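Residue-level listing of the chains:
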Amino acid sequence: MNASTIRSSEYIAALRTELADAGPAKRAAAMINQRALFPHRGQATLTADQLELANWDGQGSIVISQTSVRRVTRQFDKHYGAFVGGASAKWGAPIIIELKDGTVIYVLFNHRAFLEKTDNPEWEDTLLEWLP
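Overview of the structure. It should be emphasised that the depicted structure is a prediction, and the values quoted were computed from it without experimental measurement. (Residues numbered from 1 in each chain as written. Predicted model: local features only at pLDDT ≥ 70, side-chain atom pairs only at ≥ 80, totals over all residues. Heavy atoms only, no water.)

Turning next to the side chain of threonine 5. With respect to the element layout, threonine 5 can be found in strand β1 (residues 5-15). Residue classification places threonine 5 among the buried positions, given a relative accessible area of 14%. Once residues lying within four places of it in the same chain are set aside, the contact partners of threonine 5 are Thr45, Leu46 and Thr47. (Helix = DSSP H or I, 4+ residues; strand = E, 2+ residues; numbered from the N terminus. Buried < 20%, exposed > 50% of the residue type's maximum accessible area, 1.4 Å probe, protein only. Contact = heavy atoms within 4.5 Å.)

Structural data, given as C-alpha cells:
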C-alpha cells in the first residue's frame, strides 16, 4: 500500500447481470462454495480518487471514480440471498455498488469461505465516507 491508499484487500465480485443469469447448476455449486457465483477476483485498492478492482477479467482492471457511483449498500437481495451468503447479514452480505450508468457490482472483500466472513462491514463504512 502506498501513502495515498485508503484501503486495500482481495476481492471477489460479480455483475448483477451475471448473478441474474446464473443457472441452477451454478447456484447449486454456490451452496458449497460461493465463489462459483463470483467470476471476478483480484486486488481492490481504494484511493482518494478511485476504487480499482484489479485483474477484473483476467487482464485489465475496472476503475470506479467517486463521481460515477450512485449508491453503495451492504445487503442481501434476490440476486444474492442470505441462504447462499452464509446467512449472516453482518459478515456475509455483499457490498452492492450501483453506478450512474446502470451497472451494478456485487463485491465480497477479503472473503473467507470456511467462516463465511468478509471485511464488508469495514469496507462499507470506508466507501460511504469516500463518496462525495
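Of all hydrophobic cores here, the largest spans 20 residues; its most connected members are Tyr11, Leu51, Val69, Ile97, Val107, Phe109 and Leu127. Secondary-structure elements contributing two or more residues to this core are β1, β2 (40-47), β3 (50-53), β5 (69-74), β6 (95-99), β7 (104-109) and α4 (120-130). Aside from chain neighbours lying at most four places away, what touches phenylalanine 109 is Ser9, Glu10, Tyr11, Ala44, Ile95, Thr118, Asp119, Asn120, Trp123 and Leu127. Counting residues in hydrophobic clusters, the runner-up holds 13 residues, among them Leu37, Ala93, Tyr106 and Leu108. (Core = buried A, V, L, I, M, F, W, Y, C linked by side-chain atoms within 4.5 Å.)

This brings us to the side chain of glutamate 124. Note on placement: glutamate 124 falls in helix α4. Here glutamate 124 falls in the buried class, since its relative accessible area comes to 15%. If sequence neighbours within four positions are ignored, glutamate 124 has contacts with Thr73, Arg74 and Ile95.

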